[in-house]
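Close look at the chain arrangement
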Amino acid sequence: MTQQKNTRMAHAIRFLSADAVQQANSGHPGLPMGAADIATVLFTRFMKFDPKQPSWPDRDRFVLSAGHGSMLLYSSLYLLGYKDIDIQQIKNFRQLGSNTAGHPEYGHAAGIETTTGPLGQGIANAVGMAMAERKLSDEFGNDLVDHHTYCLAGDGCLMEGISQEAITLAGHLKLNKLIVFWDDNNISIDGPISISDSTDQIGRFESANWNTISVDGHDHDAIAGAIESAQASQKPTLIACKTKIGFGAPNKAGTAAAHGAPLGPDEIAGARAALEWDAEPFEVPEDVLDNWRIAGLRGTHTRKDWEQRLSDSDANLRGEFERRQRGDLPAKFDEKIQELKKEIAAEPPKKATRKASQAVLEVINGILSETLGGSADLTGSNNTNTSQTPPITPDDFSGRFVHWGIREHAMAAAMNGIALHGGLIPYSGGFLIFSDYCRPSIRLAALMGIRAIHVLTHDSIGLGEDGPTHQPVEHLAALRAIPNLKVFRPADVTETAECWQLALESADGPSAIALTRQDLEPVRTSYEGENLCGRGAYEAASSGSEEAEVSLFASGSEVEIAMAAKAALDAAGHATRVISVPCFELFEAQGDAYRASVIGNSAVNVGIEAAIRQGWDAIIGSDAVFVGMSGFGASAPYKELYAHFGITAEAVVEAVEAKLSTASE
């Protein structure tokens, strides 16, 4: 194409974006106008995709890390012919029910590979996608998996701390099919970048083992040359594109005024005059639209050739590839879990649930070839490795375990990228206390409805001597507050197996599995075919033939405390039942009749958890007794801590008797 044609194609992005933001009276016109040339070159000359088959597994991925510039992506998808983004969607930018939300949202439209907006998340998602590509290429071969991951990031993305975690990991792993465009426009909402930052970004990336290239972000040939060079590199590449935010706007271009607000009718009219764009708002000249639509068809033959290679491949390999791309679990998965539960019931062990998890994973990883484990430098504590998971290294991706290093935030975000890519189920290990570092990424996984599993060990004061800096007290409540996140806290080995099964079967959302450091007595000592944890809460010990006077509700390590308290209360003449509550979210999803039967109508309800009370009242009632934490922990051996904070069977009995005594007065 001639330079004039390329420029007019870029202008189509600029004015669709400016007009959409203006009509919505909300949004960020500056980035789409400034980065339009980058997008035009990338999408029309290099990206491998097919709008007619947008989920083609071997397509290139594009991540708009600077999600506030969403109209750049929406305009490009419309111009390329993606059916989910038509001109009406462009006109309905930021309106209720439209596919064109303020920031790109995964699932709203084909071509949106991930949800971005919180800056820095996208670049870490892209690292995960590139890891998945490399891993699956190693496993299935280049004939089936051979594509690039492109990411456009802004100054804000690179300021966020998550970006440092992400780029150092990518450089270490030599993810050479990852290409990041830095929209170097030197402007943030508050003004020039110089008011808050003076980082040498080129030097920073080079020190992290990246290839770097600097170009004029408005020179199409220079951009194309940089992409060609990046594709030949043995390292991930940063292409620093010097751009002018709000390109074409006569008064606001190059200033913060173009960043986060509509340009205004007069400024848009001035831009039309300056760039010689005569089309009315939301109109694209026929020749320009034709050129874009032709570009959208570039990948059709490549996609069909890939489909033929898949069809010609070994039947077993093809079947496994297709199953994993669908996200289905192997047909014998449930059967193997049932066999495991029978083995556990035959000889119920006393074991910390973190060790129980490792034993369960040993079985799971033997069945599921798609699991990709890891740990944030806590492998020996999280117990997330098994005999099937040798580590991935920069030069060998045949392993199934990622040493994430001390990078919890990027770990969680990259796991999202791995899950979004398809073909793999990521799980990771960390301490529950450090879920704070993972929380933004876990929240986005829940928002997107994707399967990422977080193993969070050392889940209470039960971790002992490391003290209150490492002892989570509010974290279970904080995680339970995230919609569409399942938080599991199993009480023994059997519950751990059931919780893992539920997490793996939950393809529409992430899971967190909170596990103990200390050994626990078995609660379930006989085989039960039903996954009782799937009900969220169930009666672990009944009151016998008598109607229960006392109901004890507990999760995880405190179920054994409840069982000991039950024995004492039964002996004292108070018929008592114990309800294990491994998952609040699943219990809330049960029908009213089941919930009522589990909650019961005892004179006294008690909640027991070595954490704060928040969230428990929905189960036990606001007038119930709660035995748990009301503040931070302390440094001491764990048994002393449980006694010090009054989380013991004796304390439960005392509280129940006091409650009964008060009720009888």
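Here, every reference points to the structure presented above.
Since we're looking at a predicted model, the values are computed, not measured.

Let's shift gears to the overall build of the chain. Secondary structure summary: the chain contains 26 helices and 20 strands in total. In summary, the chain has a C-alpha radius of gyration of 28 Å against a globular reference of 26 Å for 665 residues, a match within 12%. C-alpha atoms of the chain, sized along the principal axes, occupy 90 × 60 × 45 Å. In the chain, buried positions account for 61% of the 665 residues. Put simply, 78% of the contacts in the chain that link residues at least 6 apart link residues at least 24 apart.

Let's shift gears to helix α12 (residues 300-312). In a regular helix each residue adds 1.5 Å, so 13 residues correspond to 18 Å; α12 covers 18 Å between its end C-alpha atoms and thus fits that length. Buried within α12 we find T300, R303, W306 and L310. Summarising the axial view, the buried residues of α12 lie within an arc of 125°, below the 170-degree limit, and thus occupy one face. Exposed residues pointing more than 90 degrees away from the buried face of α12 are listed as H301 and D312. Looking at the packing, one finds that the buried side of α12 touches α13 (315-326).

Take the sheet that holds strand β16 (residues 538-541) next. Taken in spatial order, the five strands of this open sheet run β16-β18-β17-β19-β20, and their pairing is mixed. Whereas interior strands pair on both sides, the edge strands pair on one side only; in this sheet they are β16 and β20 (625-628). Strand-to-strand, the axes of this sheet are offset by a mean angle of 30°, without reference to chain direction. Sheet analysis places strand β19 (residues 604-609) next to β20, joined by four bridges and oriented parallel. Across the sheet, residue G607 finds its bridge partner in β20, namely F626. Where helix α21 (residues 559-571) meets the sheet, it contacts β16, β17 (550-554), β18 (576-580) and β19, and its direction lies at approximately 170° from that of β18.

Here we take up the pattern of salt bridges. Under the counting rule described, the total for this entry stands at 28 salt bridges. For R59, the salt bridge identified is with E113, shortest N-O distance 2.8 Å. Within this pair, whereas R59 is found in the loop between α2 (30-46) and β1 (61-64), its partner E113 is found in the loop between α4 (87-91) and α5 (121-140), the two being separated by 54 residues in sequence. Among the residues examined, R59 registers a relative accessible area of 10% and is labelled buried. Under the relative-accessibility criterion, E113 is labelled buried at 10%. Here E539 and R577 are joined by a salt bridge, their closest N and O atoms 2.8 Å apart. Note that E539 is positioned in strand β16 and R577 in strand β18, a separation of 38 residues in sequence. The network of salt bridges with shared partners includes E139, E320, R323, R324 and E370.

A separate point is the environment of R45. Positionally, R45 belongs in helix α2. The exposure class of R45 is partly exposed, given its relative accessible area of 37%. Considering only alpha carbons, one finds R45 and P637, 592 residues apart in sequence, at a separation of 63 Å. Those residues in contact with R45 that sit more than four places away from it in its chain are N6, T40, H220, D221, A224 and R298.

Of all five residues making up strand β12 (residues 453-457), five are buried, and the element is well covered by its neighbours. Examined bridge by bridge, strand β11 (residues 425-431) and β12 share five bridges and lie parallel to one another. Its bridge partner being in β12, Y427 is matched across the sheet by I453. Considered for its hand, the β-α-β crossover made up of β11, helix α18 (residues 435-448) and β12 is right-handed. Alignment of β12 against strand β14 (residues 511-514), held across four bridges, turns out to be parallel. Its bridge partner being in β14, H454 is matched across the sheet by A512.

The next point concerns the packing of α5 against α13. Packing of α5 against α13 leaves a shortest axis separation of 12 Å and a crossing angle of 160°. Taken together, the axis directions place α5 and α13 in an arrangement best described as roughly antiparallel. The way α5 lies across α13 gives a crossing that is right-handed. Of the residues in α13, those touching α5 at L136, E139 and F140 are L317, E320, F321, R324 and Q325. Of the residues belonging to the contact of α5 with α13, the class tally is four nonpolar, one polar and three charged.

A few words on the packing of helix α14 (residues 333-346) against helix α20 (residues 493-505). One way to put it is that α14 packs onto α20 with a least axis distance of 9 Å and a crossing angle of 170°. Classified by the angle their axes make, α14 and α20 are roughly antiparallel. Contacts between α14 and α20 involve F333, D334, I337, L340, K341 and I344 from the first element and V493, T494, A497, E498, Q501, L504 and E505 from the second. Within the contact of α14 with α20, the residues separate by chemical class into seven nonpolar, two polar and four charged.

Let us now look at empty space enclosed by the protein. Considering all chains together, one arrives at two cavities of 30 Å³ or more under this definition. Its volume calculated, the largest cavity comes out at about 80 Å³. Looking at side-chain class alone, the lining of the largest cavity contains six nonpolar, one polar and three charged residues. In this model, the second largest cavity occupies a volume close to 40 Å³. When residues in the lining of the second largest cavity are grouped by element, the largest group, three residues, is from β1. For the lining of the second largest cavity, the per-class residue count stands at six nonpolar, two polar and one charged.

Analysis parameters
Residues numbered from 1 in each chain as written. Predicted model: local features only at pLDDT ≥ 70, side-chain atom pairs only at ≥ 80, totals over all residues. Heavy atoms only, no water. Helix = DSSP H or I, 4+ residues; strand = E, 2+ residues; numbered from the N terminus. Rg over C-alpha atoms; globule rule 2.2 N^0.38 Å. Buried < 20%, exposed > 50% of the residue type's maximum accessible area, 1.4 Å probe, protein only. Contact = heavy atoms within 4.5 Å. Expected span 1.5 Å × (residues − 1). Arc of directions from axis to C-beta. Pairing = 2+ DSSP bridges. Axes fitted to C-alpha atoms, helices over the stretch in contact; angles between N-to-C directions. Salt bridge = Lys/Arg side-chain N within 4 Å of Asp/Glu carboxyl O. Right-handed = clockwise from strand over helix to strand, strands pointing away. Parallel < 35°, antiparallel > 145°, perpendicular 65-115°, else oblique. Left-handed = near helix turned anticlockwise from the far one by under 90°. Nonpolar A, V, L, I, M, F, W, Y, C, P; charged D, E, K, R; others polar. 1 Å grid on protein atoms, 1.4 Å probe; cavity = no way out; pocket = protein on both sides within 12 Å on 5 of 7 lines; lining within 4 Å. Points joined across faces, edges and corners; volume = space filled by probe spheres on them.

Just geometry here; none of it tells us what the structure is for.
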